[in-house]
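The lines below spell out each chain.
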Amino acid sequence: MAVNHADGMIFTSVIIYPVAAAIGAVHAGAGWFTVFFIPVGLAAGIGVFRFGRAPVYAITGFGLSRVSKMPRNWIQQIFFLPFFLLYMVLPLAIVWGGAFGIWAGSIWLVRHIL
């Protein structure tokens, strides 16, 4: 089964976020309490996968709806280029920005709570 770019990149958050949470907790010195951070990272990854696709598809859908009404092919391509770049960059920004947030949040929680 084929997976498009946005779905494939955002799905990696399910795998990356628990790892980022664990690395952040270990980095801050949580020891065995690191195990408790992994399910939180997994839940955050599933949440991002569930709700992070909507902005990507909303932006792309907006661009496609405008492009389909334009008369010339080259005008369509020029107009859709920024939307295509957003389609390529936004999933990466969502996933890696969230991974950094999970990592930094894990460090903060360990240092201030444990």
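Scoring rules and cut-offs
Residues numbered from 1 in each chain as written. Predicted model: local features only at pLDDT ≥ 70, side-chain atom pairs only at ≥ 80, totals over all residues. Heavy atoms only, no water. Phe/Tyr/Trp six-rings, centres within 6.5 Å; stacked < 30°, edge-to-face > 60°. Helix = DSSP H or I, 4+ residues; strand = E, 2+ residues; numbered from the N terminus. Buried < 20%, exposed > 50% of the residue type's maximum accessible area, 1.4 Å probe, protein only. Expected span 1.5 Å × (residues − 1). Arc of directions from axis to C-beta. Contact = heavy atoms within 4.5 Å. Axes fitted to C-alpha atoms, helices over the stretch in contact; angles between N-to-C directions. Parallel < 35°, antiparallel > 145°, perpendicular 65-115°, else oblique. Nonpolar A, V, L, I, M, F, W, Y, C, P; charged D, E, K, R; others polar.

**A word on the packing of aromatic side chains**
If you walk through the whole model with that rule in mind, you get six aromatic pairs. Ring centres of Phe100 and Trp103 lie 5.8 Å apart, and the angle between their planes is 35°; this geometry places the pair in the tilted category. One end of the pair is Phe100 and the other is Trp103, both in helix H4 (residues 73-113) and three residues apart, which spans about a single turn. Residue Phe100 is classed as exposed on the basis of its relative accessible area of 54%. By the ring-pair criterion, three or more aromatic residues cluster together here, those being Phe62, Phe79, Phe80 and Phe83.

**So, helix H3 (residues 53-67)**
Helix length check: H3, at 15 residues, gives a terminal C-alpha distance of 21 Å against a target of 21 Å (1.5 Å per residue), a fit within 8%. Every buried residue belonging to H3 is among Val56, Thr60, Gly63 and Val67, and all of these are buried. Buried residues along H3 cover an arc of 60° about the axis, so they all sit on one side. Elements in contact with the buried residues of H3: helix H1 (5-28) and H4.

**Some points on the packing of H3 against H4**
Here H3 crosses H4 at 175°, and the two axes come no closer than 9 Å. Classified by the interaxial angle, the pair formed by H3 and H4 is roughly antiparallel. Between H3 and H4, the contacting residues are Pro55, Val56, Ile59, Thr60, Phe62, Gly63, Leu64, Arg66 and Val67 on the first element and Gln76, Phe79, Phe80, Phe83, Leu86, Tyr87, Leu90, Pro91 and Ile94 on the second. Its residues placed into classes, the contact of H3 with H4 shows 14 nonpolar, three polar and one charged.

In short, the description is geometric, and any link to function would need to be established separately.
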